[in-house]
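Residue-level structure breakdown
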Amino acid sequence: MDKLASEYKVLIVDDVPTNVMLVQAILKKEGYTLLTCDSGTKALRIANEKHPNLILLDIMMPELSGIEASREIRSISSAPILFLTARTQEQDKLEAYSSGGDDYLAKPFHLAELEARIRSLTLRQFTQ
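Residues numbered from 1 in each chain as written. Predicted model: local features only at pLDDT ≥ 70, side-chain atom pairs only at ≥ 80, totals over all residues. Heavy atoms only, no water.

Take helix α3 (residues 40-50) next. Those residues of α3 that sit buried are G40, A43, I46 and A47. Buried residues of α3, seen end-on, are gathered within an arc of 115 degrees and therefore sit on one face of the element. Looking at the buried residues of α3, the elements they touch are β1 (9-13), β2 (33-37), β3 (54-57) and α4 (66-74). With its phi angle positive at about 50 degrees, H51 sits one or two positions after the end of α3. (Buried < 20%, exposed > 50% of the residue type's maximum accessible area, 1.4 Å probe, protein only. Helix = DSSP H or I, 4+ residues; strand = E, 2+ residues; numbered from the N terminus. Arc of directions from axis to C-beta. Contact = heavy atoms within 4.5 Å.)

What follows concerns the packing of aromatic side chains. The full count for this structure, using the stated rule, is three aromatic pairs. A connected cluster of aromatic rings, assembled from ring pairs, spans F83, Y97 and Y104. (Phe/Tyr/Trp six-rings, centres within 6.5 Å; stacked < 30°, edge-to-face > 60°.)

Spatial ordering of the open sheet is given by β2-β1-β3-β4-β5, a layout of five strands whose pairing is parallel. Of all the strands in the sheet, the pair left with one neighbour each is β2 and β5 (103-106). Across the sheet, the mean angle separating the axes of adjacent strands is 20 degrees when strand polarity is ignored. The sheet contact formed by strand β4 (residues 81-85) and β5 spans four bridges and is parallel. Across the sheet, residue L82 finds its bridge partner in β5, namely D103. Relative to β4, α4 is tilted by about 175 degrees, and along the sheet it contacts β3 and β4. Contacts from helix α5 (residues 90-98) reach β4 and β5 within the one sheet, and its direction differs from that of β5 by about 145 degrees. (Pairing = 2+ DSSP bridges. Axes fitted to C-alpha atoms, helices over the stretch in contact; angles between N-to-C directions.)

Printed below as a string of structure tokens:
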């Protein structure tokens, strides 16, 4: 997957810089091409312009929430969306999935679980 990873664009969307840096550190060692932003509005623009293969999306963000951004992104992209969020209520998860989300991981999360979920979503795309 090493060669494929370098051609695989991952958009990380979170308004907390330390969260972005943590996820970047994990994915950088795997060789992914990384895109980042700090709002749902910017995520929508980047999804439209750069066509990421995977989107990691927080729910609680300024301007446009992750849920709203997911709905908008779904109208232009079929890239898997993995929600990474501190929101853990059942209603939050249901809204995330109904907005077009493919997976959901609550913060704080174990790095190995994040890596496994990303691997699962990326491998699924390569085998289709």
